[in-house]
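Take a look at the letters that make up each chain.
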Amino acid sequence: MSVTPADPGLAPDIDPAWLPDEALRAVGSRRVRVDGEGPLADTVRAEAAYACERFGGRIVGPGDRPDLLLRLADDSLGGEGGEGGEGGGSGGNGEDCPRHPEGFTLHRTLDRTTVTASAAAPAGLLHGYFHVVRLGEAAFTPAPAATHRPALTPRMLDHWDNVDVHPVMGQVERGYAGGSLFWRDGRPRDEPHRIRAYARLLASCGIDALAVNNVNVHATEARLLTDRLDDVAAIADLLRPYGIRTHLSVSCAAPVLLGGQATADPLDPHVRAWWRETADRVYARIPDFGGFVVKADSEGQPGPFAYGRSHADGANLLADALAPHGGIVHWRAFVYDHRQDWRDRTTDRARAAHDHFAPLDGEFRPNAILQVKHGPIDFQTREPVSPVIGAMPRTRIAVELQATQEYTGQQWHVCALAPMWSQVLRFRPHGEDGPGVAGVAAGDGGGRGGGGGLVAVSNAGADPFWTGHPLAQFNLYAFGRLAWQPDADPASLLDEWIELTFTPNRTADPDRLRAGLRHVVGGSWETYEKYTAPLGVGFMVQPGHHYGPSVDGYEYSPWGTYHFADRDGVGVDRSRATGTGYAAQYGKPWSDTYETPDTCPDELLLFFHHVPYGHVLRSGKTVIQHIYDTHFEGVTEAEAARALWASLKDLVSPARHARVTERYEEQVRCAREWRDQVNSYFLRKSGVPDRHGRRIH
Ligand code: GCV
């Protein structure tokens, strides 16, 4: 089968993101040979041909000496200087690496004029090709042979896309990048070139799985499993040439809703038969289907609790149906009581996932993956790592991140999340001697028989810039790269993305452009944190849409209570001794570290403790002064970033520059609103004036 790769030239309305033609120059100006058969090898050949067409290189056959050879080979370690390179936390040894179906070895030694990427399987050719693209000219300079393979599998995006337009959430739940790439008004969007271009971008940063619909499964989405399966198959056909498997979010109530069953009880034999037959039909239509994603007993979604069954019962039902086909179920651990009474201080939303799931460790099937949000609450700007991740050594765990910026500026504010994700992935739930979060997701140690990989809620949509804010493309790119190599340095990933996306060397002032971009993107998470909720308290956002400040927006609502500010102090006591006991859900040393304000890291202080406004932080400042200072600083930093961006106008394409400029206007406006609301709220509560005498609105 011959496959035409996504051709940016065919879609002038779509931003090329990190794959502009210019990024293909190094490969495209050379003689390239691709040895290998099958659809993925065809994709690589077509990609190389596309690049060569633009930059004067050519595809050569077996008789010609290529500058770049991409080949399928059993001996991909090749005995040329051994193994080196990323390692990527993958803990790879020389024997395993070449056999990894997505891995490859790159030989670029002095005595050879041909740079060779050898892979054991076609997916390795694809990742090898894009690795060479990322390296650019550097790929053709001598270096030790290096083997690369992904540390985590799957590396998956969840699209919270609705098939019908939801009356409140619209076409995409928490989607800040226009409509869905897949669906419009109840039907497939029918823009295959867009999906193909998306698949190409995703593959080029390492993503290999994608769920096409919202985890909140409404009536029409539910039918994707049955009579609307052709719509899913059509998407799978577009993703497959780029090595991306298609997954589907399904409803636990499907046997009743779609199958005419009297019950959806996971232990009912008719229900079990219905799921088995349904999975068989899915695989008959989509043989490489990835599996199901499930949100159960959460925020109104149906689940096993209705039948007195456990979440392991629910997950295993679907796992058993998928097992004969090699499919997996991603079962989400996001289960909590969203009908709380704010006066009840014993109910703590942060505890819920651990309370529900930790006792079930060891009860899940090998092809059931428990998908755990990285923090215990819900993608706030700052949260501790979820204690569930370290508490279930006999369960396959996937860590869920959120690329869509629900609580972090909704793609109107620059907020590069790679530094936060990197901290999460490096966190060691059991201290220095145990595996890190990335290791848990990789399946290192423990008897879980494999990891669950990394998942992110996608931030992409039908917007011409894919992500609404053009600089938010970095979040998508960095997610893929960190999923492949969790110990990658976020600053290096930013540089990589800048080189590909902006090709600074083709501009009049590469150094000014690089420095400017590093500055506006690099520290943007910290800046955002400064002008929003302080020291680990979350949810000071406006209810419903979650954009902009509302200090008490959720404080007295049934969804949870988050800061408990009164005239004397602020923060949630989650200690074992006097609070909700959440701190005790961690293993040592963290249960001790988080237990007292003296040992708790300052940035999480108010997540774990209720302290007086006069409590002195490690910086020497009181909590109240820290709140005032950071809110003034955050706005100043946002204003400076806006000015710096304005100064790059001569170096960035007009459309991209204009879009970012527009977004900065809103970011600065909103940052000032945050500063004024938060500072005046705490001035009024505490009565403590700013020691610098600044005007607090
Ligand atoms: C898909 C939060 C979001 C919801 C989302 C939910 C989830 O509550 O606000 O929009 O629903 O998380 O992760 O399931």
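Values in this document were obtained by computation on a predicted structure and should not be read as measured data.

Engineer: Quick question: what am I supposed to make of the overall build of the protein here?
Structural biologist: For the protein, the count of helices and strands is 20 helices and 20 strands. Relative to the compact-globule value of 26 Å for 697 residues, the protein shows a C-alpha radius of gyration of 25 Å, a close match. When its C-alpha atoms are laid out on the principal axes, the protein stretches across 80 × 70 × 50 Å. A total of 697 residues make up the protein; the buried ones form 63% of that total. Long-range pairs, those at least 24 residues apart, make up 73% of the contacts in the protein between residues at least 6 apart in sequence. About 24,600 Å² of surface is accessible on the protein, with carbon and sulfur atoms providing 52% of the total. In the protein, which carries 71 positive and 89 negative side-chain charges, the distance between the mean positions of the two groups comes to 2 Å.

Engineer: How do you make sense of unusual backbone geometry when you look at a structure like this?
Structural biologist: Glycine aside, residues mostly have negative phi, and peptide bonds are mostly found in the trans state. The peptide bond linking threonine 153 to proline 154 adopts the cis configuration, its omega dihedral lying at -5°. One can find proline 154 in the loop between β6 (143-148) and β7 (155-158). With an omega dihedral of 10°, the bond running from lysine 588 to proline 589 counts as a cis peptide bond. As for its position among the elements, proline 589 is in the loop between β19 (569-570) and α17 (590-595). Despite not being glycine, arginine 174 has its phi angle at roughly 60°, a positive value. Mapped onto the elements, arginine 174 comes out in the loop between β9 (170-172) and β10 (183-184).

Engineer: Honestly, the confidence of the model for the protein in this entry has me stumped. Any pointers?
Structural biologist: Interpretation of the predicted coordinates at a detailed level should be avoided for regions scoring low in pLDDT. When pLDDT is averaged along the protein, the result is 93; 94% of the residues meet or exceed 70. The low-confidence segment residues 1-6 (pLDDT under 50) makes 18 contacts with residues lying over four places distant or belonging to another chain.

Engineer: What is the right way to read the layout of surface pockets from this model?
Structural biologist: Rolled over the atoms, a probe with the dimensions of a water molecule shows which regions are left empty. Roughly 610 Å³ of volume is contained in the largest pocket. Along the walls of the largest pocket sit 31 residues, with Met169, Glu173, Arg174, Asn216 and Glu299 positioned nearest its centre. Considered class by class, the residues forming the lining of the largest pocket number 12 nonpolar, 10 polar and 9 charged. Built from parts of two domains, the lining of the largest pocket gets at least three residues from each of domain 2 (155-414 + 439-464) and domain 3 (529-572 + 610-686). Approximately 410 Å³ is the volume attributed to the second largest pocket.

Engineer: Sorry if this is basic, but what is going on with the state of the cysteines here?
Structural biologist: Working definition of a disulfide: a covalent bond connecting the sulfur atoms of two cysteines. Following the criterion strictly, the structure yields 0 disulfides and no others. Summary of cysteine pairing: cysteine 670 is not part of a disulfide, and the nearest cysteine sulfur, belonging to cysteine 415, is at 12 Å.

Engineer: Please explain helix α14 (residues 490-502) as it appears in this structure.
Structural biologist: Side chains of residues three or four places apart in an α-helix project in the same direction, reflecting 3.6 residues per turn. Compared with an ideal rise of 1.5 Å per residue, which puts 13 residues at 18 Å, α14 spans 18 Å between its outermost C-alpha atoms and is within 8% of the ideal. Along α14, the positions that sit buried rather than exposed are Pro490, Leu493, Leu494, Trp497, Ile498, Leu500, Thr501 and Phe502. Considering only its buried residues, α14 is in contact with α3 (122-135), α11 (418-426), α13 (473-484), α15 (510-522) and α20 (654-686). Positive phi shows up at threonine 503, right after α14, with a value of about 30°.

Engineer: Explain the packing of α3 against helix α4 (residues 192-205) here, please?
Structural biologist: Pairs of packed helices are described in terms of their axes, by the angle between the two and the distance that separates them. Running from amino to carboxyl end, α3 crosses α4 at an angle of 80°, the nearest separation of the two axes being 8 Å. Here α3 lies roughly perpendicular to α4, going by the angle between them. Mapping the contact onto sequence places Leu126, His127, Phe130 and Arg134 in α3 and Arg200, Ala203, Ser204 and Cys205 in α4. The residue makeup of the contact of α3 with α4, split by class, is 4 nonpolar, 2 polar and 2 charged.

Engineer: Please explain the UniProt feature "domain: Glycosyl hydrolase family 67 C-terminal" (unreviewed entry) in the protein as it appears in this structure.
Structural biologist: When the UniProt feature table is mapped onto this chain numbering, "domain: Glycosyl hydrolase family 67 C-terminal" (unreviewed entry) sits at residues 467-694. In this annotation, residues 467-694 is assigned 50% helix and 2% strand; the end-to-end C-alpha distance for the span is 37 Å.

Engineer: Teacher, can you tell me more about the sheet that holds strand β1 (residues 31-35) here?
Structural biologist: Hydrogen bonding along the main chain pairs the strands of a sheet, whether they run parallel or antiparallel. Strand order across the open sheet formed by 6 strands is β2-β1-β3-β5-β4-β6, with mixed pairing between neighbours. Only two strands of the sheet have a single neighbouring strand rather than two, namely β2 (58-59) and β6.

Engineer: Before we go on, may I ask you to explain the domain arrangement of the protein in this structure?
Structural biologist: Much of the literature gives interface size as the accessible area that the parts lose upon coming together. Domains assigned within the protein are domain 1 (21-148), domain 2 (155-414 + 439-464) and domain 3 (529-572 + 610-686). Relative to domain 2, the C-alpha centre of domain 1 lies at a distance of 34 Å. Of the residues lining the interface, 10 residues belong to domain 1; the matching set on domain 2 comes to 11 residues. Summed over both sides, the interface between domain 1 and domain 2 buries roughly 830 Å², with carbon and sulfur atoms accounting for 48% of that surface.

Engineer: Honestly, the sheet that holds β7 in this entry has me stumped. Any pointers?
Structural biologist: Strand order in this closed barrel of 8 strands is β7-β12-β13-β14-β15-β16-β17-β18, and the pairing throughout is parallel. Each strand of the sheet is rotated relative to its neighbour by a mean of 25°, with strand direction disregarded. Sheet topology places β7 next to strand β12 (residues 209-211); 3 bridges connect them, and they run parallel. For methionine 156, the partnering residue across the bridge sits in β12 and is alanine 209. Docked against the sheet, helix α9 (residues 311-322) engages β14 (291-294), β15 (328-332) and β16 (368-373), running at close to 160° with respect to β15.

Engineer: Looking at this structure, I do not really get the side chain of histidine 469. What am I missing?
Structural biologist: Along the chain, histidine 469 falls in the loop between β18 (454-457) and α13. Of the residues examined, histidine 469 reaches a relative accessible area of 1% and is grouped as buried. Ignoring sequence-local partners within four residues, the contact set of histidine 469 consists of Gln411, Trp412, His413, Val414, Val660 and Arg663.

Thresholds, definitions, all that
- Residues numbered from 1 in each chain as written.
- Predicted model: local features only at pLDDT ≥ 70, side-chain atom pairs only at ≥ 80, totals over all residues.
- Heavy atoms only, no water.
- Helix = DSSP H or I, 4+ residues; strand = E, 2+ residues; numbered from the N terminus.
- Rg over C-alpha atoms; globule rule 2.2 N^0.38 Å.
- Buried < 20%, exposed > 50% of the residue type's maximum accessible area, 1.4 Å probe, protein only.
- Contact = heavy atoms within 4.5 Å.
- Areas by Shrake-Rupley, 256 points an atom, 1.4 Å probe, with all protein chains shown as cover.
- Lys, Arg positive; Asp, Glu negative; His and termini not counted.
- Charge placed at Lys NZ, Arg CZ, Asp CG, Glu CD.
- pLDDT = per-residue confidence, 0-100.
- 1 Å grid on protein atoms, 1.4 Å probe; cavity = no way out; pocket = protein on both sides within 12 Å on 5 of 7 lines; lining within 4 Å.
- Points joined across faces, edges and corners; volume = space filled by probe spheres on them.
- Nonpolar A, V, L, I, M, F, W, Y, C, P; charged D, E, K, R; others polar.
- Domains from an automatic or database assignment.
- Disulfide = S-S within 2.5 Å.
- Expected span 1.5 Å × (residues − 1).
- Axes fitted to C-alpha atoms, helices over the stretch in contact; angles between N-to-C directions.
- Parallel < 35°, antiparallel > 145°, perpendicular 65-115°, else oblique.
- UniProt positions renumbered as here; feature names shortened; annotations may be inferred.
- Pairing = 2+ DSSP bridges.
- Buried area = accessible area lost by both parts, 1.4 Å probe.

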